[in-house]
Amino acid sequence: MFFHIQLERNMQLHPRHFGPHLRDKLVAKLMKDVEGTCSGRHGFVVAITGVDDIGKGLIREGTGFVTFPVKYQCVVFRPFKGEILEAVVTMVNKMGFFAEAGPVQIFVSNHLIPDDMEFQSGDVPNYTTSDGSVKIQKECEVRLKIIGTRVDATEIFCIGTIKDDFLGVTSDPGAAA
Amino acid sequence: MSLAAESPVHSSSSSDDFAAFLDAELDVASSDTSPDEDQDDEENDDDEEDFQEPSAKRQKVEDLEPTKELEGSNVNTSSEPMDEDICPPHPGFIKGMCMRCGQIEEDESGVAFGYIHKDLRLNSKEIDRLRGVDLKNLLEAKKLILILDLDHTVLNSARLVEISAEEEYLRHQALSMQADADRSIFELPGMHLLTKLRPFVRTFLEEATKMFEIYIYTMADRAYALEIAKILDPDKVYFDNRIISNADCTKRHQKGLDVVLGAESLVLIMDDTEIVWQRHKENLILMERYHFFASSRRQFGFSTKSLSETKKDESESDGILSIVLNVLKRAHQMFFDAFLEKKLSAKDITELSSRDVRKVLKLIRQEILQGCKIVFSRVFPSSARAEDQPIWKLAQQLGAICSTEVDASVTHVVSTDKTTEKARWALQNGKFLVNVHWIEAANFLWSRQREEDFQITSSPKNPPD
């Protein structure tokens, strides 16, 4: 799920940036440092939408660096248990398949793939229904439900299922080709 | 009112009047406040309802789920008594999360399958289940499993610093032929290695992949294995993610099939080192080591010129890989036998799943020296039990009959010395007199070798101890 929230961060800035463009430099550095990172509490920071407040700088003794407390608005993405997501399949093997929804990696084990879908090895490993009408392979889009999440300092990993109503392949580039 | 009940205690020292007054006052007060309280209650009720509504919904959902599970379990118990769909026991973990129910468990049980995903662990029941499914799928596709070692089996690598002046031309070759897709010499960027593929390996893989699901299994590290896989399989059609490296082994210095998600009865192994496969010797096709570079030969104690220095190479058409490919083809043919041509029914699959490729391999091996009766002379000390000698066992595996005494039925005398009694007997009676390499060569080349090529050249000056 996406959230628009305010976060705060202490930014250290080199004294060479002190000048008319100090604010721009600070914002640019903030984007570089924060966008794409992940925190266990808030999830992935997708984009910074605005800077609300830059506090008074504090000069670090000895180095000349200055620390600014910055409050900023950002969009974060955090998957939850029970959430329905659309994801792109990245790898298929006999254990199940891996998929990605943006920065989140999701594993769907073959226990959680409908029983009528069977693994087919070969050049393009895939899961296919017995009549061949539905096929899960690399690059497919699937709709899945998150049933477990594990949040680490730098990444979020999820376990998903497609063994439920209205879940499964939503678009298959392989079938179109 | 609770006070009324307590009042006797208090009133023990005070007058009954006061108690009565108090009671009256309290009653009034309560009746006064009662509407307010009711309102409060109502508000509270509203709040509670607000709270309860979603929770009731949640309850409903939760109610639904257990019943679903129950139904599922009922179905299971009726059809098969296995508790297949219920956690725990968890079938396996990925990043510490159960892959079926998503629960986080901190215990580090199960076998790690780092080559599939770095944080994947499976318990033994799940491995068995996956192997069972895999067995069925493979048989349906009429395939077996081939496990391929890298170094000295399908290629030879040398570190750049160990390349001698005589081999320097190979580096130029590696550079100048970069555009050629069929070249066999590669300089691995960032690894300081020069790698030479064994002749025939490309054809070998192309042919073998039709009959086998191929795994790479090497004692080298993962980065190297992946780099080699890129060379051997640029289009990623042979190996997929089936690349097992030293980090995945469960025992030090041993290769095991426990990390292979395939039934052992379908596995053939090609490796140049027998000792690492202690537990799976029956699956093993021992390969003659491929030494292309001088440094590699020196490592194994050979002092003669290497292939690279003499600018020669193994034969493309009848080198070891081509010989072994034929063995694989035969094993595959014998395993599937009559089923190869027809479409398999469920019954055929059950029939096939009881077959064992190890037995097939044993049969093929036994044909090599079929009809030979061998007597050993001065190959191993006479005090040792002959049946325990590796060379004795090897000859028997190859289908030869071994004996300790000469008689008319003996066909070959294997000796290290022309002058022993048995060797002289062989010469007198017109039997073949060969050295030990005759047996070893037959083992590597999968056929009985010409005895003339394995004459005992010189008698050792010092009698062997």
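Residues numbered from 1 in each chain as written. Chains lettered and ligands numbered in written order. Predicted model: local features only at pLDDT ≥ 70, side-chain atom pairs only at ≥ 80, totals over all residues. Heavy atoms only, no water.

(A) Layout of the environment of S130(A). Counting through the fold element by element, S130(A) comes out in the loop between β10 (126-129) and β11 (135-136). Residues S130(A) and D116(A) lie 14 residues apart in sequence; the distance between their C-alpha atoms is 6.4 Å. (Helix = DSSP H or I, 4+ residues; strand = E, 2+ residues; numbered from the N terminus.)

(B) Representation of the interface of chain A and chain B in the model. Every contact between the two is made by 27 residues of chain A and, on the other side, 30 residues of chain B. In this assembly, chain A packs against chain B so that about 2300 Å² is buried in total across both faces, 56% of it on carbon and sulfur atoms. Of all residues in chain A, K94(A), M95(A) and H111(A) give up the largest surface area on contact with chain B, accounting jointly for 29% of the area buried on that side. At the boundary of chain A and chain B, one finds 5 salt bridges. K94(A) is the salt-bridge partner of E213(B), the closest N and O atoms lying 3.3 Å from each other. Sort the elements by how many residues they give to the side of chain A that touches chain B and strand β12 (residues 141-151) of chain A lands first, with 4 residues. In terms of residue class, the side of chain A that touches chain B is built from 12 nonpolar, 8 polar and 7 charged. (Contact = heavy atoms within 4.5 Å. Buried area = accessible area lost by both parts, 1.4 Å probe. Salt bridge = Lys/Arg side-chain N within 4 Å of Asp/Glu carboxyl O. Nonpolar A, V, L, I, M, F, W, Y, C, P; charged D, E, K, R; others polar.)

(C) Focus on the pairing of strand β13 (residues 156-161) of chain A. Residues and elements named next belong to chain A. Across the 6 residues of β13, 6 count as buried, placing the element largely inside the fold. Neither face of β13 is left uncovered, since the one carrying I156, C158 and G160 and the one carrying F157, I159 and T161 both have all their residues buried. Where strand β8 (residues 104-109) lies against β13, 3 bridges are found, and the strand directions are parallel. Bridge pairing links Q105 to F157 in β13. When β12 meets β13, the two strands line up antiparallel, connected through 6 bridges. Following the sheet pairing, R150 is matched in β13 by F157. Taking the residues that link successive antiparallel strands as the turn, the β12-β13 hairpin has 4 residues. (Buried < 20%, exposed > 50% of the residue type's maximum accessible area, 1.4 Å probe, protein only. Pairing = 2+ DSSP bridges.)

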